[in-house]
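# Structural characterization, general
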Amino acid sequence: MLVRVAVFWGVASVYLSETTELCQPEGTPSLCENVFKNACYEIYSESKSWMQARNSCAQRGGVLVMEFNDAVKMFLSNITQQRSTSNLSWWLGKQVCVDNLDALLEDAVASEDATSCTYVKLNPFQLIVSSDCNHKRSFFCTRSLQLPQNIQKSLGSKSRFKRSEHPMAPHIYDIVNLLLEADNELMRMETEVGEPTEESRNEFILYLLKGTQNMSPEFALENTDIISHIISCSISILDISMNKCDIQTSPNRTPIFEDIFEIFRTILMLLSSETLQRIVIRFSTGTIYQSSHKPEDLSNVILGSVEDGEFIIMPPYSILQSHIGQHERIIAQMSTFSVNPHPTDDNISGTVCSLLLSNGESDVPVANLTETIEIFMPRPFTHIINHTVALEENTKVLTRVNVSDSSMSICVRVEPSGNMSLILTLSQGSPPNSSYFANVTIVNQIGGYQWIITPEMLQQTPGIWYISSELFNSTWKQGITLSITTFMTKCMYWSIDRQIWSTDGCQVGKQSTPGQTHCLCNHLTLFGSSFFVMPNHVDLTRTAELFGSVSQNYVVLSLVCAFFGLYLVTLLWAYYADRRSLSRRKMSLLEDNHPCAQYNYLVSVQTGQRKNAGTTANVTVMLFGSEGQSDAHHLMDPDKPVFERGAVDVFLLATPFPLGEVRNIRLRHDNSGGHPSWYINKMTIRDLQTQHVWHFFCDCWISGDHGDGLTEKIFNAAKNNEVSCFRNIFQSRTSTGFRDEHIWVSILDPPSRSPFTRVQRVSCCTSLLLCTMAINIAFWNIPENEDSPVVLSIASLHVTWQDIMVGVESGLLMFPINILIITIFRSIKPRIVSKSQTSSSEDTMRPREVTIPTILKETEVVLSLLSGSLRNKMAQLYRLESINDLFSAFNRVHEFIHLMQGETESDLHWVYCSKFLLAALRRLLMCLERLDGKNFPTPQDYTRALDISNLLVRKSDMVFSSHLVCCPPPTKKKRVSSECRLPWWCVFLGWFLLISLSGVSTFFTLLYGFYYGKAKSIKWIMSLGLSLFQSIFILQPLKVIGVAVFFALLLKPVAVDETEEIEQVLSEQEDKCRRYSRGEL
């Protein structure tokens, strides 16, 4: 079900054929190849000085081009692009007229030299006044085509052409014979194989257009049959070109519709110049409506035909006044076409419409209206869902729609059999309910029973969508029926610049019906070149000359050298600071973790930013959960300092069994060292098996000298509303924002675990600074466009459209590439290097000595750990001091195994308890086998100990296997991170982009500096300082605070930092368990 209605706004172009040589009668000027508005334009690509170019034009009966408005610019641009000469510069007349071309005034470089000359560059467009008139350039000539009356009458019969010329060429001043030859050409192209070719088609349109342009308005009004014939020939060449046999293998390489449409426009302009009456031209594939109005008369005027269902309603004059108010007369030209003139992959169906406004000489651009233009176009009655259902009491009617195009709008009309209100609810994937829906609306008889579901409501997401309909504040009656009609449509326009159909600035209106689409658009054309502000022009061909002036203008060079000197000094400091930070980035495996404990928690401790917040004391932590508690663990790492000011230390804590919901933690320290006082900011505990996270907001001193004087405190886990409260998220975002996202401040104190190093941050700041300098100097002190409209006015402050465009263009030039570089550095996955296994090998080669006291001690620790959970029903064990105590411990272990065997419902607790016990018993059996009977009171005691140990190992193995089958532990997979992490080698890509951008920015900064001269360069440096102050102290802090407020208002939970080192630390704990079970530890 896909019906699309399109709105396109056409801008015509003329495509020219190859040069035609004509034999002229004596006394007539040579016929011209390039004709535009009764003037001949000649293009000479050979290079001459301005004086030589002027004399050359004079010898040909013409002059250098003196008028260069929008229409002339487009006309000459098309010709030079076809001839591949658009990159040349062209001489113009000295007093060139640019009244109709706003952008030229912005781009012109002012000159006070009366002997200066004007030239133009078309790609990109620049109008330049130069004092060097001897420079060799190409040139444009123009001359009038007004011929003596006697010559015009005899031209058709006296002219003789070479046989190789196009048959229509001799008759461009004789429209009757031209049309006869056009009919012959159409017949030939219709019957000959391989026709029309690109060349024959372009020549046909070209000469037909020239013949039309050479007619007088009086002749056009008196000979409407000639006008109809021209339109018929135009439509015929379009049909032949669009429906030729080899269209699939040999498509039309250039768009022809704009060329045909230019003929239509020429006809209408001829007719309207002599009459103010409304003109309607109907042909087989469409209709053209043209009318002339005073600007104020366009207010809410209806263009087109309401009877035919194809019309446009203009907005009030107050909305249009800034665009059309300065013109005396506005010609409105509305055209409709029954077929799509621009076939693409978009399924455009129904009527296609265009609207052009002109002042009789050039088009009048209309864009960014505060009220929309209303366009009504008929559409075919296809792909419509229409059904009537009975509404039962306390029920809903569900409609299912398959959206294949996310830019479509769904029109839903639900009309009840009586006067009542309905509530319509939208959802994706499954029917809506009270807790799951995407959008909702209420419809009634007063506002109409139609709902337009926009792409924004559909969240730009294709797929299955559901719409439920039910009564709202209305009483149900027997026999109520709902008549439901749904169809999809969208409003589009043709973008000439991008050669695509686009929906920008257009939306479907509420008056759309299955037979007519209502479109609301705020423009006639997209933003064009007149909205683009060109930077100051500098001639790249003078690069060597400008750089040679360094001895006279060393200001900008000195500034750049100073910046690079400061960069090198800062880079050395950043390099050594990064080396110190790298050693402290390590994730710590707690040494007092029992080797057999395999249930892992990630403990993240963030020390505050206050003065002397770090501690030298030994810190211990104890976790209290709903199903048990852990032992007290020392949070320490022998390889790095911990709990320094502002640091985030991460530890892996292992327990024999899951603790359940972690409710409390107990922190304490022994008040040792030179600075024992400790200010802790917050602490997070992550269950690495279930990925549950608990937050503990501490924000207090644990100290005997500060705060409440306590060195031991218990903290409760934060509730969900505390985690997502505005205060917590705002503080967290602003704290991390200034340390990470504020690119300048983050150099001094970046996050301790960020992969974005200080060296990279310093280099990104330098690149951003150089890029800012280059863009600032390029747009500095550009000529002010007095015609640019004022967008914002506050007291004496006036912000014009030109100012806004300079800001937008500066941002587009500077920020995307710099943001890309920063994102690459920030998103690179750290390169993890595995720890050396030397120490492990040494431990394997030298097994530790086994004694009875060590066996008793290890057994005592195992039983003590198991007694930490009430579910294990194991009382606290007293100290084991003899062999008899060991046998007593064996009995308690045997009872615990029977307890686990009796548990019919398996869960993670019994899986990890049995796993822990099995590893510990294997270790015990290994130790006993290393001893001999001499260590026991009697050999029978030794044999008994071995037998019991073997029995317990086998039983615990069976218990573990049974629980593991019934409740396998969750797989240890990486959490899905919200950010994309790049491979480590992308750092080279980041450095390449950074160095390239810095080099290009430095080059253009120096080039513009040498071009401006010493005095202007000094003024520019002063303005640059203000710009940098604004960026560092205003824009960047506002960005950080704005992002923090945004996330806080969305109530987004505080993110837990991901790290790539978890897997490595987990493997270290598992390896420790294996070696311990084998008796290697």
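Here goes a summary of the coordinates provided. (Residues numbered from 1 in each chain as written. Predicted model: local features only at pLDDT ≥ 70, side-chain atom pairs only at ≥ 80, totals over all residues. Heavy atoms only, no water.)

This part is about the overall build of the protein chain. A count of helical and extended segments in the protein chain gives 24 helices and 41 strands. In the protein chain, of all internal contacts separated by at least 6 residues, the share reaching a separation of at least 24 is 77%. Accessible surface computed for the protein chain: about 52,400 Å², of which carbon and sulfur atoms make up 54%. (Helix = DSSP H or I, 4+ residues; strand = E, 2+ residues; numbered from the N terminus. Contact = heavy atoms within 4.5 Å. Areas by Shrake-Rupley, 256 points an atom, 1.4 Å probe, with all protein chains shown as cover.)

A separate point is empty space enclosed by the protein. Going through the model one piece at a time under the given rule, you end up with four cavities of 30 Å³ or more. Approximately 130 Å³ is the volume attributed to the largest cavity. Taken together, 13 residues form the lining of the largest cavity, with Thr859, Val862, Ala920, Leu921 and Leu924 sitting closest to its centre. Those elements that provide at least two residues to the lining of the largest cavity are α18 (852–866), α19 (883–902) and α20 (908–930). (1 Å grid on protein atoms, 1.4 Å probe; cavity = no way out; pocket = protein on both sides within 12 Å on 5 of 7 lines; lining within 4 Å. Points joined across faces, edges and corners; volume = space filled by probe spheres on them.)

Checked against the element boundaries, Ile279 lands in strand β11 (residues 279–283). Here the alpha-carbon distance between Ile279 and Gln290, two residues eleven residues apart in the chain, equals 5.1 Å. Those residues in contact with Ile279, other than ones at most four positions away along the chain, are Leu268, Leu271, Ser272, Ile288, Tyr289 and Gln290.

Of note in this structure, Gln459 is not a glycine but carries a positive phi near 55°. Here Gln459 is to be found in the loop between β23 (450–453) and β24 (463–471). Here Gln459 falls in the partly exposed class, since its relative accessible area comes to 47%. Positive phi outside glycine occurs at Asp699, with the angle close to 50°. As for its position among the elements, Asp699 is in strand β38 (residues 693–702). (Buried < 20%, exposed > 50% of the residue type's maximum accessible area, 1.4 Å probe, protein only.)

Right, let's get into the sheet that holds strand β13 (residues 302–305). Taken together, the five strands give an open sheet; going across it, the order is β13-β14-β17-β29-β28, and neighbouring strands pair in antiparallel fashion. With one partner strand each, in any of the chains shown, β13 and β28 (506–508) form the two edges of the open sheet. Mean inter-strand twist for the sheet, computed between neighbouring axes without regard to direction, equals 15°. Sheet analysis places strand β17 (residues 373–378) next to strand β29 (residues 516–521), joined by six bridges and oriented antiparallel. Opposite Phe376, over in β29, you have His518 as the bridge partner. (Pairing = 2+ DSSP bridges. Axes fitted to C-alpha atoms, helices over the stretch in contact; angles between N-to-C directions.)

Here we come to α20. Relative to the 33 Å expected for 23 residues at 1.5 Å per residue, α20 spans 34 Å between its end C-alpha atoms, a close match to the ideal helical length. Counting buried residues along α20, 18 of its 23 residues qualify, which places the element largely inside the surrounding structure. (Expected span 1.5 Å × (residues − 1).)

Between α20 and helix α21 (residues 939–966), the shortest axis-to-axis distance is 9 Å and the interhelical angle comes to 155°. With respect to α21, the axis of α20 lies roughly antiparallel. Considering the relative orientation of α20 and α21, their crossing is left-handed. (Parallel < 35°, antiparallel > 145°, perpendicular 65-115°, else oblique. Left-handed = near helix turned anticlockwise from the far one by under 90°.)

Within a sheet, each strand pairs with its neighbour through backbone hydrogen bonds, oriented either parallel or antiparallel. Read across the sheet, four strands follow the order β19-β24-β21-β22 without closing on themselves; strand pairing throughout is antiparallel. Only two strands of the sheet have a single neighbouring strand rather than two, namely β19 (397–403) and β22 (439–443). For this sheet the average axis-to-axis angle between neighbouring strands, irrespective of direction, equals 20°.

Moving on, we come to the state of the cysteines. The final tally for this structure, using the stated rule, is four disulfides. Put simply, Cys117 and Cys133 are joined by a disulfide, and their sulfur atoms are 1.9 Å apart. The sign of the S-S torsion, about 105°, decides the handedness of the disulfide formed by Cys117 and Cys133: right-handed. Placement of the pair is Cys117 in strand β7 (residues 117–122) and Cys133 in the loop between β8 (125–130) and β9 (137–144), with a sequence separation of 16 residues. For the pair Cys117 and Cys133, one class covers both residues: buried. The residue that forms a disulfide with Cys506 is Cys521, at a sulfur-sulfur distance of 2.1 Å. The chirality of the disulfide connecting Cys506 with Cys521 is right-handed, given an S-S dihedral of about 120°. One end of the pair, Cys506, is in strand β28; the other, Cys521, is in strand β29, and 15 residues separate them in sequence. (Disulfide = S-S within 2.5 Å.)

Moving on, we come to the packing of aromatic side chains. A complete count under the given rule lists 14 aromatic pairs for this structure. For the ring pair Trp90 and Phe140, a centre distance of 4.4 Å and an interplane angle of 10° mean the geometry is stacked. One end of the pair, Trp90, is in strand β6 (residues 89–91); the other, Phe140, is in strand β9, and 50 residues separate them in sequence. Trp90 sits in the buried class, given a relative accessible area of 0%. (Phe/Tyr/Trp six-rings, centres within 6.5 Å; stacked < 30°, edge-to-face > 60°.)

This part is about the pairing of strand β36 (residues 662–669). For strand β32 (residues 619–625) and β36, the ladder comprises seven bridges, and the chain directions are antiparallel. Across the sheet, the residue bridging to Phe624 is Asn664, located in β36. As paired strands, β36 and strand β39 (residues 712–716) are joined by five bridges and run antiparallel to one another. Bridging across to β39, Arg666 finds its partner in Ile714.

In terms of nonpolar packing, the biggest core is built from 77 residues, with Val605, Leu667, Met683, Ile685, Phe696 and Phe896 touching the most fellow members. Ranked by residues supplied to this core, first place goes to α20 with 15 residues. Excluding anything up to four places from it in sequence, Val605 contacts Leu635, Phe643, Ala647, Val648, Asp649, Phe651, Trp678, Ile680, Lys682 and Met683. Among the nonpolar cores identified, the runner-up in size contains 42 residues, and Leu178, Leu238, Ile240 and Ile260 belong to it. (Core = buried A, V, L, I, M, F, W, Y, C linked by side-chain atoms within 4.5 Å.)

Next up on the list: helix α22 (residues 986–1012). For α22, built from 27 residues, the straight-helix expectation of 39 Å at 1.5 Å per residue is met to within 8% by its first-to-last C-alpha distance of 39 Å. One or two residues past the end of α22 sits Gly1013, with phi positive at roughly 95°.

Further remarks concern the pattern of salt bridges. If you walk through the whole model with that rule in mind, you get 16 salt bridges. Residue Arg188 pairs with Glu185 through a salt bridge whose shortest N-O separation is 3.0 Å. Residue Arg188 and its partner Glu185 are located together in helix α5 (residues 175–191), separated by three residues, close to a single helical turn. Residue Glu858 pairs with Arg923 through a salt bridge whose shortest N-O separation is 2.8 Å. Linking Glu858 in helix α18 with Arg923 in helix α20, this pair joins segments that are 65 residues apart in sequence. (Salt bridge = Lys/Arg side-chain N within 4 Å of Asp/Glu carboxyl O.)

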